[in-house]
Amino acid sequence: MSPVDSPVESKAYPGQSGQLPEHQVWRWFAFARRSLGMAGFVLNRVAGLGLVLYLLIHLVVLSQLTRGPQGWDAFITLARSPFFLTLDVILLAGIIGHGLNGLRVALIGNGLLVPWQRRLLVVLAVLGIVLWVIAAVLIYRG
Amino acid sequence: MTHVMDTRNQNRAGLGWLGQAVSGVLLLILLGLHMIAHHFVVKGGLRDYQEVMSYIGNPVIAAIELIFLVVVSYHAMLGLRSVLLDLGLGKSQEKWVTRSVTALGIIMVVYGVWLMSTLLSRV
């Protein structure tokens, strides 16, 4: 086992996670010596942090609704531009990836489907890509 | 005494992990509904002001959106806390993190309820 993959017990969930990245955030990105599952765990955290940031921005943006049609509809015109639609598609990749990978982590963490975890990862990855492509087409089509 | 404290912390952590998993599964459903309702079945991809008002004017929809707000805030703050606690903080910093994310979560829900009630008063 490499130093990067050495078991570190989570302070938030002691006993629940066998292997966690070391405490230095930069070591989360040392993918070269990590297992696929470990890389998924780290990506889930990075996507989760991005989604928390987006959630806070989204809540602030929703305040435009209190300004009535002139405030909200002006924002909607901007949000329908190709640049913002592309940001939506990137956001969707984060949401779908985080959601399905989180489901995988929850199942494996509860001891479910452990013998089939590699197959589960492949199935969820394929499902995620299919959902993302369909959603991207729907978003661009408007 | 230390053993009792450890057991209590383990139980609390187990509950937190379960809460994160359950709220995550709920979010797959609620966020899916939210995305379909707000983006995929609307002409132009996003609801304009009148469409938003008529949408949230439905009490069932308003209730679902409020449940979504509570679940997403809980899941987000619990996740943020777990990432921060795993950075190797001291005991007092851990308490500060827990209080801060709890406060932020409460602010998010209170703000969301205020926003929803403000909009509903105009329907």
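This write-up is about the structure you can find in this document. Computed from a predicted model, the values in this text were never measured in an experiment.

## Observations concerning the nonpolar core
Line of reasoning, step 1. In this structure, Leu51(A), Val52(A), Ile95(A), Ile96(A), Leu100(A), Leu27(B), Leu69(B), Val72(B), Ala76(B), Met77(B), Leu80(B) and Val101(B) together form the largest nonpolar core, which totals 12 residues.
Line of reasoning, step 2. Of all the secondary-structure elements, those providing two or more residues to this core are helix H1 (36-62) and helix H3 (82-109) of chain A together with helix H3 (59-85) of chain B.
Line of reasoning, step 3. At 5 residues, the largest contribution of residues to this core is made by H3(B).
Line of reasoning, step 4. Leu65(A), Leu46(B), Tyr49(B) and Val52(B) belong to the second-largest nonpolar core, a separate cluster that totals 6 residues.

## As for H1(A)
Line of reasoning, step 1. Spanning 27 residues, H1(A) covers 38 Å between terminal C-alpha atoms, matching the ideal 39 Å at 1.5 Å per step.
Line of reasoning, step 2. Considered for burial, the residues of H1(A) that qualify are Gly40(A), Phe41(A), Arg45(A), Gly48(A), Leu51(A) and Val52(A).
Line of reasoning, step 3. Along its buried surface, H1(A) packs onto H3 and helix H4 (117-141) of chain A together with H3 of chain B.

## Some words on unusual backbone geometry
Line of reasoning, step 1. Despite not being glycine, Leu113(A) has its phi angle at roughly 60°, a positive value.
Line of reasoning, step 2. Summarising the element assignment, Leu113(A) is placed in the loop between H3 and H4.

## As for the packing of H3(B) against helix H4 (residues 91-120) of chain B
Residues and elements named next belong to chain B.
Line of reasoning, step 1. Across the interface, H3 lies against H4 with an axial gap of 9 Å and an inter-helix angle of 165°. Accordingly, the angle class assigned to the pair H3 and H4 is roughly antiparallel. Of the two possible hands of crossing, H3 and H4 adopt the one that is right-handed.
Line of reasoning, step 2. For the contact of H3 with H4, the class distribution of residues is 17 nonpolar, 5 polar and 3 charged.

Reading the values: the criteria
Every chain's residues receive numbers from 1 upward, in the order its sequence appears when written. All chains are assigned letters beginning with A, and all ligands numbers beginning with 1, in the order in which they are written. In keeping with the predicted nature of the model, local features appear solely for residues at pLDDT of at least 70, side-chain atom pairs appear and are counted solely at 80 or more, and the whole-chain, interface and lining totals rest on all residues. To form a nonpolar core, buried Ala, Val, Leu, Ile, Met, Phe, Trp, Tyr and Cys residues must be joined through C-beta atoms within 7 Å. Any residue surrounded by 20 or more other C-beta atoms within 10 Å of its C-beta is treated as buried, while 12 or fewer makes it exposed and the intermediate range makes it partly exposed; C-beta atoms here are placed from the backbone. Here a helix means four or more residues in a row that DSSP labels H or I, a strand means two or more in a row labelled E, and each is numbered from the N terminus. Working rule for helices: expected span equals 1.5 Å times residues minus one. Here, residue contact means that the backbone-derived C-beta atoms of the two residues sit within 7 Å. Every axis in this analysis is a line fitted to C-alpha atoms, fitted for helices over the stretch in contact. Angles between the N-to-C directions lie between 0 and 180 degrees. Between 65 and 115 degrees an angle is taken as roughly perpendicular, under 35 as roughly parallel, over 145 as roughly antiparallel, and anywhere else as oblique. Left-handed describes a crossing whose near helix is turned anticlockwise from the far helix by less than a right angle; the clockwise case is right-handed. The classification used treats Ala, Val, Leu, Ile, Met, Phe, Trp, Tyr, Cys and Pro as nonpolar, Asp, Glu, Lys and Arg as charged, and all other residues, Gly among them, as polar.

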